[in-house]
Amino acid sequence: MTNKSEKIVSAKYVRNRTIGAFAVFFLLIAATIAGWRWLNHQPEDNSVPRPLRAVLNGNEKLFSNFIYSPGNISKTYPIYYAAPKVRVNGDDGLGDDFDAAAWKLQVVKSPGDTLFITLDEIKAMPKTDIIFDFKCIEGWSQVTHWGGVKFSDFVKKYNLSGQSDMQYVGLNTPDKKYYVGIDTKSILHPQTILCYEMNGKPLPMNQGYPLRLIIPVKYGIKHLKRIGTIFFSNSRPKDYWYEKGYDYYSGL
Ligand SMILES: Nc1nc2c(c(=O)[nH]1)N[C@H]1C(S)=C(S)[C@@H](COP(=O)(O)O)O[C@H]1N2
Ligand SMILES: [Mo]
């Protein structure tokens, strides 16, 4: 019995095919090395080679315009899942010189028109609790319990609907040493809160007393601790980790 598709080939044919296969193999390696070199010689955009930054920005457009929905709710957990000892990560903008007694939240409505809001005024609004899996880009996550005021309720209460038509919200610590920019859609998500409690108690100093952002649709880098100022803008506000090369959107 002979296989009909079986072909008799010469030793020369086998040799030529072998040489051809190796040539392609080495060409691909050379192309990879050349491509890598090219990429690393491109000008940088916020600490990332421009072509890679373009991919991140393209992903942001895709996610914010087609995949994001206020109906996409992050998974929440029963209270007994919440860690009693919450990890502390990052203390930029949390200097000791902070005067807690004098703190007021500043909301810039327009240049020269700033609201000053006390913690008691914020606490007087309806409270929302959330227990979710807090995720840091460093690779850890922890189920934690937070309480505060929905950002969307805050916008209604302080008549910020004109401002929240703008594309971005910027937040800074009082000393301006840590700062984030967030797309307005994500900050108006029903699980985003201006947070003043952790595990049912006032926020500890190193976790952002008196007020921090909790935004479950984003990685930890965007959950700014100790909010000093909030403002609105149609261009991207500056962002601490973006400048160091991370994704601006940082969505989950
Ligand atoms: N002011 C300020 N906020 C910050 C940071 C920081 O360094 N300074 N680090 C961020 C990062 S990277 C993470 S993961 C979370 C950590 O919050 P936690 O300390 O409550 O766990 O805070 C975010 N908010
Ligand atoms: Mo983080």
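Quick look at the structure, then.

If you trace the five strands from one edge of the open sheet to the other, you get β4-β3-β12-β7-β8, paired in mixed fashion. What marks the edges here is a single partner per strand, and that holds for β4 (113-117) and β8 (179-183). In this sheet, adjacent strand axes meet at a mean angle of 20° when their direction is disregarded. In this sheet, strand β12 (residues 229-233) lies alongside strand β7 (residues 168-172) in antiparallel orientation, the contact comprising five bridges. Its bridge partner being in β12, Val 169 is matched across the sheet by Phe 232.

Our focus in this paragraph is the site of ligand 1. Surrounding ligand 1, one finds 20 residues, the nearest of these being Arg 87, Asn 89, Asp 92, Arg 212 and Lys 225. The protein chains hide 98% of the 540 Å² of surface that ligand 1 would expose on its own.

The next subject is helix α2 (residues 50-67). If you check α2, its first and last C-alpha atoms are 24 Å apart, about what 18 residues at 1.5 Å a residue would give, namely 26 Å. Every buried residue of α2 is listed here: Arg 53, Glu 60 and Ser 64. Around the axis of α2, the buried residues are gathered within 10° of arc, so they sit on the same side. Contacts made by the buried residues of α2 are with β1 (44-45), β2 (48-49), β7, α5 (184-187) and α6 (240-243).

Its place among the elements puts Val 86 in the loop between α2 and β3 (105-110). The exposure class assigned to Val 86 is buried, which follows from its relative accessible area of 13%. Taking the C-alpha atoms as reference points, Val 86 and Gln 207, 121 residues apart in sequence, are found 9.0 Å from one another. Apart from residues no more than four positions distant in its own chain, Val 86 is found in contact with Gln 142, Thr 144, Trp 146, Met 198, Asn 199 and Gln 207.

Grouped together as the largest cluster of nonpolar side chains are 33 residues, with contacts concentrated most on Leu 105, Phe 154, Leu 171, Ile 227 and Ile 230. Secondary structure elements with two or more residues in this core: β3, α3 (119-123), α4 (151-157), β7, β8, β9 (193-198) and β12. When residues no more than four places from it in sequence are discounted, the contact partners of Leu 105 are Leu 115, Phe 116, Ile 117, Ile 122, Phe 154, Leu 211, Ile 227, Gly 228 and Ile 230. Membership of the second largest hydrophobic core comes to 12 residues, among which are Phe 132, Trp 140, Ile 193 and Met 198.

Cut-offs and rules
Residues numbered from 1 in each chain as written. Chains lettered and ligands numbered in written order. Predicted model: local features only at pLDDT ≥ 70, side-chain atom pairs only at ≥ 80, totals over all residues. Heavy atoms only, no water. Pairing = 2+ DSSP bridges. Helix = DSSP H or I, 4+ residues; strand = E, 2+ residues; numbered from the N terminus. Axes fitted to C-alpha atoms, helices over the stretch in contact; angles between N-to-C directions. Near = heavy atom within 4 Å. Areas by Shrake-Rupley, 256 points an atom, 1.4 Å probe, with all protein chains shown as cover. Expected span 1.5 Å × (residues − 1). Buried < 20%, exposed > 50% of the residue type's maximum accessible area, 1.4 Å probe, protein only. Arc of directions from axis to C-beta. Contact = heavy atoms within 4.5 Å. Core = buried A, V, L, I, M, F, W, Y, C linked by side-chain atoms within 4.5 Å.

Everything listed is a geometric property; what it means functionally is a separate question.
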